[in-house]
Amino acid sequence: MGKSNVRRSKPVQPKQQTKKQIAFGRKEARQRRIILLSIGALALVILLILVFGVIQELVLAPSQPVAIVNGNKIRTDDYQDLVTYQRYNQYVTISNMQAGLDQLQTGEQQEGNEFLVSFYQQQISQMQAQLSTIPQSALEELIDDALIREKAEAEGITVTAADVEESLQTDLRSAFAQTQPVTGTEELPTPTPVPQEDVDHLYDTILGNITISDKSFRLIVQRSLLREKVQELLASEVVSTGLVVHSQLIKTETEEEAVAAMERIEGGEEFAVVATEVSTDTTTAEQGGDLGWVTTGQLSARYGQALEDQVFALSPGEMSIVESNETFYVVQVLERDENGPLPEAVLDQRRSSALTDWLAERKASPDVEIERLLKDCLLYTSPSPRDRTRSRMPSSA
């Protein structure tokens, strides 16, 4: 066999790197590792920031307090829900009043309704202005509710989930009753039965319009019912007796006229006769000047503090002249009772304001600590409702 003509090449030997090249290569590798590690660390930081942002937005921020009342925190989400709810109700009221105004201003109905048109316009303007105060008033309402909750706990007053459900169902069905026809006789009208499915649909629709959850709204209703129960308790505790006097007066424009009237009475004429002839007080003149039984705080608003102080300083049978609010009066006390029954009008007013008066007293108490954490510039402003013309939420809340 002949020799092969194929020439075998010698294997290429790798080029030997210098020490300088080896060091440079290692430096480049190290720099690449540092860059990769830096990019990884940056990505991790960004991820952590995003995760923290989500946690802050969905978990931490809603639970942050907007106020602290005696150590009890008022949550941000509760505050935002209340602002949203109250603004929705205000928008619905404005929308309904605007619809009524539009109806008054169309066609023949406009004639003779100038007063009503003006009234509607003023009311709408006032309610629009009140929209800007809702964030602040909602915060104050939640502070009040915190104090009310303390009172309820001390008195053993509770509102159950069943109470809330009953209130919701009553108000929702009442909303239907205002729009549904009735059947039966005029003496005993029977509301048309409303299927529960329709009631539930109305509730879901309203919640969607307000843009708050069922849980949030039930909490609003729960606070409202608790407020009502505490108000009832405080109203029942209003004292029904106190200092009362039975008095009468004659009102004159000058001191000379008052002196002349008093001299006639001292001369033997009946107080009632002189009062009917002389007194310029349209409230009492026809009754012979008789004020009836009154208690402290009733007379000052109409006649001035000077007259009230004088009336309660007199003993039964005493009579005097007093100047009050640049007007002269002859006053006489007929009877006085240090612990008599208070006038019904006074009792009604004190009962209706029992909760308001109690809250004012509690807030002024040195043992109540209230810390408002929201500055004016940070007060929450909810977005406008998606539909301001839909059904209003039940009134109990």
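Please refer to the structure higher up on the page.
In this text, all values refer to a predicted model and were calculated from it rather than measured experimentally.

Student: How would you sum up the overall build of the protein? Please name residues and give values.
Tutor: If you tally the helices and strands in the protein, you get 13 helices and nine strands. For the protein, contacts bridging at least 24 residues in sequence account for 71% of all contacts bridging at least 6. Total accessible area on the protein is roughly 25,000 Å²; 53% of this is exposed by carbon and sulfur atoms.

Student: Which residues make up the pairing of strand β5 (residues 241-252), and what are the values?
Tutor: The buried fraction of β5 amounts to nine of the 12 residues, a majority that puts the element mostly inside the structure. Alignment of β5 against strand β8 (residues 327-341), held across 11 bridges, turns out to be antiparallel. What sits directly across from Val 245, in β8, is Arg 336. Strand direction decides the pairing type here: β5 and strand β6 (residues 290-295), joined by five bridges, are antiparallel. Bridge assignment links Gln 248 to a residue of β6, and that residue is Asp 290.

Student: So what's going on with the side chain of Asn 89? Which residues, and what values?
Tutor: Mapping Asn 89 onto the fold places it in helix α2 (residues 76-104). Under the relative-accessibility criterion, Asn 89 is labelled buried at 9%. Side chain to side chain, Asn 89 and Tyr 85 meet in a polar contact 3.0 Å long.

Student: Explain the side chain of Arg 223 to me, and be specific about the residues and the numbers.
Tutor: By secondary structure assignment, the location of Arg 223 is in helix α7 (residues 214-236). Exposure remark for Arg 223: the relative accessible area of 11% places this residue in the buried category. When near neighbours in sequence (up to four residues on either side) are disregarded, Arg 223 contacts Leu 82, Leu 142 and Asp 145.

Student: Break down the packing of helix α4 (residues 134-155) against helix α13 (residues 354-363) for me, citing the residues and quoting the values.
Tutor: Packing of α4 against α13 brings their axes to within 11 Å, and their N-to-C directions diverge by 90 degrees. When the axes of α4 and α13 are compared, the pair comes out roughly perpendicular. Contacts between α4 and α13 involve Glu 140, Ile 143, Asp 144, Leu 147, Ile 148, Glu 150 and Lys 151 from the former and Leu 355, Trp 358, Leu 359, Arg 362 and Lys 363 from the latter. Looking at the contact of α4 with α13 residue by residue, the classes come out as six nonpolar, no polar and six charged.

Student: Talk me through the packing of α2 against α7; I want residue IDs and the actual numbers.
Tutor: Packing of α2 against α7 brings their axes to within 10 Å, and their N-to-C directions diverge by 85 degrees. Between α2 and α7, the angle is such that the two are roughly perpendicular. Where α2 abuts α7, its residues Asp 78, Asp 81, Leu 82 and Tyr 85 lie against Ser 216, Phe 217, Leu 219, Ile 220 and Arg 223. Looking at side-chain class alone, the contact of α2 with α7 contains five nonpolar, one polar and three charged residues.

Student: Tell me what's going on with the sheet that holds strand β2 (residues 72-75), and back it up with residues and numbers.
Tutor: Strand order across the open sheet formed by three strands is β2-β1-β9, with antiparallel pairing between neighbours. For this open sheet the edge positions go to β2 and β9 (370-372), each flanked by a neighbour on one side alone. Adjacent strand axes in the sheet meet at a mean angle of 20 degrees when their direction is disregarded. Where strand β1 (residues 65-69) meets β9, three bridges bridge the pair, whose relative direction is antiparallel. Of the residues in β9, the one forming a bridge with Val 69 is Ile 370. Those strands touched by α4 are β1, β2 and β9, and its axis lies near 40 degrees from that of β1.

Student: Quick one: what's the story with a negative patch on the surface, residue by residue and with numbers?
Tutor: Residues Glu 253, Glu 255, Glu 256, Glu 257, Glu 323 and Glu 326 make up a contiguous surface patch of negative charge. With three residues, helix α8 (residues 255-266) is the largest single contributor of residues to the negative patch. Along the polypeptide, Glu 323 turns up in strand β7 (residues 319-324).

Student: Before we move on, can you summarise the sheet that holds β7 with the specific residues and values?
Tutor: Here we have four strands laid out as an open sheet, ordered β6-β5-β8-β7, and antiparallel in their pairing. What marks the edges here is a single partner per strand, and that holds for β6 and β7. For this sheet, the mean inter-axis angle between neighbouring strands, taken without regard to orientation, is 40 degrees. Here helix α11 (residues 305-313) sits on the sheet and contacts β5, β6, β7 and β8; the angle it forms with β7, its principal contact strand, is near 160 degrees.

Student: Give a description of the pattern of salt bridges that names residues and reports values.
Tutor: Close approach of charged atoms lets side chains of opposite charge pair. Applying the stated criterion across every chain yields a total of 16 salt bridges. The partner of Arg 227 in a salt bridge is Asp 145, and the shortest N-O contact between them spans 2.8 Å. Remark: Asp 145 occurs in helix α4 and Arg 227 occurs in helix α7; sequence separation between them is 82 residues. The exposure class of Asp 145 is buried, given its relative accessible area of 4%. The partner of Arg 362 in a salt bridge is Asp 367, and the shortest N-O contact between them spans 3.5 Å. One network of salt bridges, in which partners are shared, links Glu 140, Asp 144, Lys 363 and Arg 372.

Student: Explain the packing of aromatic side chains residue by residue, including any values.
Tutor: Aromatic ring pairs are defined here through the distance separating the ring centres and the angle between the ring planes. One pass over the full model with this rule turns up four aromatic pairs. A centroid spacing of 6.2 Å and a plane angle of 75 degrees characterise the contact between Phe 119 and Tyr 120, whose relative ring orientation is edge-to-face. Looking at Tyr 120, the relative accessible area reads 23%, which means it is partly exposed. Aromatic ring contacts, followed pair by pair, group Tyr 85, Tyr 203 and Phe 217 into a single cluster.

Student: Any details on unusual backbone geometry? Residues and values, ideally.
Tutor: Across residues other than glycine, the phi torsion is negative in most instances, and most of the peptide bonds are trans. Phi is positive for Thr 211, close to 70 degrees, though the residue is something other than glycine. Along the chain, Thr 211 turns up in the loop between α6 (196-210) and α7. With a phi angle near 55 degrees, Asn 325 is a residue other than glycine that sits in the positive phi range. The exposed category is assigned to Asn 325, whose relative accessible area is 55%.

Reading guide: rules and limits
Residues numbered from 1 in each chain as written. Predicted model: local features only at pLDDT ≥ 70, side-chain atom pairs only at ≥ 80, totals over all residues. Heavy atoms only, no water. Helix = DSSP H or I, 4+ residues; strand = E, 2+ residues; numbered from the N terminus. Contact = heavy atoms within 4.5 Å. Areas by Shrake-Rupley, 256 points an atom, 1.4 Å probe, with all protein chains shown as cover. Buried < 20%, exposed > 50% of the residue type's maximum accessible area, 1.4 Å probe, protein only. Pairing = 2+ DSSP bridges. Polar contact = N/O pair within 3.5 Å; in protein donor to acceptor, adjacent residues only side chain to side chain. Axes fitted to C-alpha atoms, helices over the stretch in contact; angles between N-to-C directions. Parallel < 35°, antiparallel > 145°, perpendicular 65-115°, else oblique. Nonpolar A, V, L, I, M, F, W, Y, C, P; charged D, E, K, R; others polar. Patch = residues over 30% accessible without salt bridge, like charges linked within 9 Å, V, L, I, M, F, W, Y side chains within 5 Å. Salt bridge = Lys/Arg side-chain N within 4 Å of Asp/Glu carboxyl O. Lys, Arg positive; Asp, Glu negative; His and termini not counted. Charge placed at Lys NZ, Arg CZ, Asp CG, Glu CD. Phe/Tyr/Trp six-rings, centres within 6.5 Å; stacked < 30°, edge-to-face > 60°.

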